[in-house]
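Geometric and topological summary
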Amino acid sequence: MSTFVHLIADYGPADPAFSEVVHRLTAADPTMTVQSTEVKPFSTVATGFWIAQLGVHNPTFDDLLIYSNTAPRTTESTPERADTGGALCYLELDNGVPVVAVDAGYNLSFIADHAATFREIELPADTGQFRSRDVFPRRVAEIANGNHSSLGAERSLDDVPAPPESVVCHVDGYGNVKTSIRHSAFTPESDTVTVELNGESCEAVVRDAVSNVPEGSLAIVPGSAGGDDPYQELFLRGGSAASTFGTPGPGDALSIRAEQA
């Protein structure tokens, strides 16, 4: 039985929608504890990044269930009709953590390699306009309590897109820019590089830890996310890397090239 639900959604800053969904989850199971994480509106990149960080790269515990409801209703982000949105799906990760999430965009991309089970969740024929509030929480509560009767057809992980290779995934409260570039894939030919992001081009030093970055220097370093093979992060000692690049957002592409000798 899973009674700790970590909700990841894009409802917006201080949006009462978070309160309504927490209310519905608690009404369905008064013993449930819900923790919320907000991502940028419509950002399936940020959503997928945080599903993986919380479900794969942080310690697991018996009562944990990850529930994500970022569901942009556009034909670009989901094969469903634009007014319907993607399917609500159930995944069980190889560490045993259950995930309930909408299959849209990159929501599932960062965990696809860790999924042992991938099934669609059956919903009522008419979910109404506010399915995230009126329908989804009941299904989440059922699954959290071990009732898997709503699990339907198996889906193919081959249909889940790979994570984007070189984009912003998250900007934290200090202005550090977390990217989708794995440390193992980052092999610069110089210890000084040029980073192009959000219309800005800046020189950055390459370092193996933030402790080795001089005051006032912009650097690219292995970051705090991604587990044993962390994601590279733009870090400005004593300032905000995000401000340096005009405050980029999740999904923004970046390029890194070595400085010529």
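Residues numbered from 1 in each chain as written. Predicted model: local features only at pLDDT ≥ 70, side-chain atom pairs only at ≥ 80, totals over all residues. Heavy atoms only, no water.

**A short note on the environment of S201**
- Within the secondary structure, S201 sits in strand β11 (residues 200-206).
- Taking the C-alpha atoms as reference points, S201 and A253, separated by 52 residues in sequence, lie 13 Å from one another.
- Once you skip the residues sitting within four places of it in the chain, S201 turns out to touch T194, V195 and E196. (Helix = DSSP H or I, 4+ residues; strand = E, 2+ residues; numbered from the N terminus. Contact = heavy atoms within 4.5 Å.)

**Description of the sheet that holds strand β12 (residues 218-222)**
- Reading across the sheet, the 7 strands line up as β8-β9-β13-β12-β11-β10-β14 and stay open at both edges, with mixed pairing between neighbours. Each end of this open sheet is capped by a strand with a single partner; those strands are β8 (168-171) and β14 (254-258). With strand direction ignored, the average angle separating the axes of adjacent strands in the sheet is 35°.
- As defined by bridge partners, strand β10 (residues 192-197) adjoins β14 across 5 bridges and the pair is classed as antiparallel. In the sheet register, E196 faces β14, and the bridge partner there is S255.
- Relative to the sheet, helix α2 (residues 44-55) contacts β8, β9 (177-182) and β13 (231-236), its axis offset from that of β8 by approximately 75°. (Pairing = 2+ DSSP bridges. Axes fitted to C-alpha atoms, helices over the stretch in contact; angles between N-to-C directions.)

**Thoughts on the nonpolar core**
- Within the largest apolar cluster, 30 residues are counted, with the highest numbers of intra-cluster contacts made by I8, I51, I66, L91, V99, L108 and I111.
- At the level of elements, α2, β3 (64-69), β4 (88-93), β5 (98-102) and β6 (115-121) are the ones that each hand at least two residues to this core.
- When residues of this core are assigned to domains, at least three fall in each of domain 1 (4-159) and domain 2 (167-258).
- Core analysis: the next-biggest nonpolar cluster, separate from the first, contains 23 residues, F18, L25, V102 and A141 among them. (Core = buried A, V, L, I, M, F, W, Y, C linked by side-chain atoms within 4.5 Å. Buried < 20%, exposed > 50% of the residue type's maximum accessible area, 1.4 Å probe, protein only. Domains from an automatic or database assignment.)

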